[in-house]
Amino acid sequence: MNIYLIAGEPSGDRLGAALMAGLKELNPDIGFAGVGGPLMQAEGLDSLFPMEELSVMGLAEVLPKLRHLFKRRDEVANHVVLAKPDVLVTIDSPDFCLRVASKVHQMASDIPTVHYVAPTVWAWRPERAAKMARVIDHVLALFPFEPPYMEAAGMTCDFVGHPVVAEPVGTDAEEQDFRRSYGLGDAPVILALPGSRVGEVARLTDRFGEALRDVISQNPSARIVVPTVASVAGRVHDLIRRWPGVPIVLDPRDLGAEQYAITKRAAFKAAHVALAASGTVSLELAAAETPMVIAYDMNWFSRRIIASKMLIDTVTLVNIVSETRTVPEFLGDACKAPDIARALNSLMTDQGARDRQLAACANTMELLGKGGDAPGMRAALSVYDLAKPVIP
């Protein structure tokens, strides 16, 4: 059995790696091809080109890279057709992945197609489901309320849970080792997570630094810790030089993948509060029981287009899944340092606000499948059932 996988972002890389691990458990002889990051490569994928080339977000941000992305789209589609996989699995990154699936469908419509991560049609642009159904046979959904949307559009869909519920969280011993290694003592730790894409980091880092300057002035013993990813680590080091105190950057290039994972989860465990860009990191923070403030911005054009199509009043996954609004968020025009700082300072001291948010985090984890089968295995079973040959 051969599976072709395409992921374009770190979050997709994590999903793909867990799926691959589950598939290998079901069939040790399974083969993989496609595009993925370091985690998928560790599971046995020889990536056709660096996944980071696809990590572009925002309408205006993608325009200068369109020609290159179209070239990569054609290259991947042709590679899929030549590989003749038992199933094509595209993972998130719909702007790229679904274009590849469409091209593959035109050239080899007999290849079953699976898209991992249902489009957020409940949040904006509901017409995407019907469009996707033209080239996708089956969907793996992260959230329990998504299958009806996909089925109504003509696709089959399994809720497989979110992988964050199966990922290890920091232990007390790991936290103590982390504090000792970085000389933190008992200092309050503030996590700062300005994103995993170059554009996000460039746009958010100065605002995060300005907000944190006010927080540190009111909490002078606190230390800032900045987990990052290899593709933007150099930029992060440069941009935080103006930040208050002496921020600690957790750089996977220095630590290696395994040690970085341990150090990162220890930092999440140690954190008193976090300031993060919008995205799946909010679920990682929820799993670690770390109270958070979410902030995000795009360029003016992208912001206006997306805002005009939004169907919900929050983008933070903890708020959406738990059906609360306990996580403060500052998006677009509201992404202003003084307001972000006030929210962070409140979470530093207001135990009632912290408790309400942590209750929403615990509820979110339960709804996403905590305590059940690992989402990676559930996804693998779903894909394997579609890919396995029918024996008369």
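See the structure above.
Below you will find a few notes about this structure. (Residues numbered from 1 in each chain as written. Predicted model: local features only at pLDDT ≥ 70, side-chain atom pairs only at ≥ 80, totals over all residues. Heavy atoms only, no water.)

1. Here we look at the sheet that holds strand β2 (residues 31-35)
For step 1, the next point in the chain: One open sheet accounts for six strands, arranged β2-β1-β3-β4-β5-β6; its pairing is parallel. Two strands in the sheet have a free side with no partner beyond their single neighbour: β2 and β6 (156-159). Looking at each pair of strands side by side, their axes are set apart by 20° on average, direction ignored.
For step 2, the next point in the chain: Here five bridges tie strand β1 (residues 2-7) to strand β3 (residues 87-91), and the two strands are oriented parallel to one another. When the bridges of β3 are listed, Ala7 appears paired with Ile91.
For step 3, the next point in the chain: This element, helix α1 (residues 10-26), spans β1, β2, β3 and β4 (113-116) of the sheet and lies at about 165° to β1.
For step 4, the next point in the chain: Contacts between helix α5 (residues 94-107) and the sheet are confined to β1, β3 and β4, with β3 contributing the most and set at about 160° to the helix. (Pairing = 2+ DSSP bridges. Helix = DSSP H or I, 4+ residues; strand = E, 2+ residues; numbered from the N terminus. Axes fitted to C-alpha atoms, helices over the stretch in contact; angles between N-to-C directions. Contact = heavy atoms within 4.5 Å.)

2. Let's talk about the pattern of salt bridges
For step 1, the next point in the chain: Considering all chains together, one arrives at 21 salt bridges under this definition.
For step 2, the next point in the chain: The closest approach of N and O atoms between Arg197 and Glu200, which form a salt bridge, is 2.4 Å. Of the two residues examined, Arg197 and Glu200, each falls in the buried class.
For step 3, the next point in the chain: Here Asp238 and Arg241 are joined by a salt bridge, their closest N and O atoms 3.2 Å apart.
For step 4, the next point in the chain: Accessibility expressed as a relative area gives 40% for Asp238, which makes it partly exposed.
For step 5, the next point in the chain: A residue is classified by how much of its surface remains accessible, and Arg241, at 67% relative accessible area, is exposed.
For step 6, the next point in the chain: One salt-bridge network, held together by shared partners, links Arg14, Glu167, Lys264 and Glu284. (Salt bridge = Lys/Arg side-chain N within 4 Å of Asp/Glu carboxyl O. Buried < 20%, exposed > 50% of the residue type's maximum accessible area, 1.4 Å probe, protein only.)

3. A short note on the pairing of strand β5 (residues 138-141)
Within a regular strand, the side chains alternate between the two sheet faces.
For step 1, the next point in the chain: Here β5 shows two buried faces, one formed by His138 and Leu140 and the other by Val139 and Ala141.
For step 2, the next point in the chain: For β4 and β5, the ladder comprises three bridges, and the chain directions are parallel. By the bridge assignment, Val114 is partnered in β5 with His138.
For step 3, the next point in the chain: Between the parallel elements β4 and β5, the chain passes through helix α6 (residues 128-133) in a crossover that is right-handed. (Right-handed = clockwise from strand over helix to strand, strands pointing away.)

4. Section: unusual backbone geometry
Excluding glycine, most residues fall at negative phi; most peptide bonds, likewise, are trans.
For step 1, the next point in the chain: Backbone geometry places Arg125, a non-glycine residue, at a positive phi of 50°.
For step 2, the next point in the chain: Looking at the secondary structure, you find Arg125 in the loop between β4 and α6.
For step 3, the next point in the chain: For Arg125, a relative accessible area of 26% translates into the label partly exposed.
For step 4, the next point in the chain: Located in the positive-phi region is Glu289, a residue other than glycine, with phi close to 60°.

5. Things to note about the sheet that holds strand β11 (residues 292-296)
For step 1, the next point in the chain: Taken in spatial order, the six strands of this open sheet run β9-β8-β7-β10-β11-β12, and their pairing is parallel. The open sheet is flanked by β9 (248-250) and β12 (329-331), the only strands paired with a single partner. In this sheet, neighbouring strand axes are inclined to one another by 20° on average, regardless of whether the strands run parallel or antiparallel.
For step 2, the next point in the chain: For strand β10 (residues 271-277) and β11, the ladder comprises four bridges, and the chain directions are parallel. Paired with Ala276 across the strands is Ile294, a residue of β11.
For step 3, the next point in the chain: Sitting on the sheet, helix α12 (residues 257-270) touches β7 (189-193), β8 (223-227), β9 and β10, and the angle it makes with β10 is about 110°.

6. Some words on the state of the cysteines
For step 1, the next point in the chain: Applying the stated criterion across every chain yields a total of zero disulfides.
For step 2, the next point in the chain: Cysteine Cys97 remains unbridged, with the sulfur of Cys157 as its closest cysteine sulfur at 16 Å.
For step 3, the next point in the chain: For Cys97, a relative accessible area of 1% translates into the label buried. (Disulfide = S-S within 2.5 Å.)

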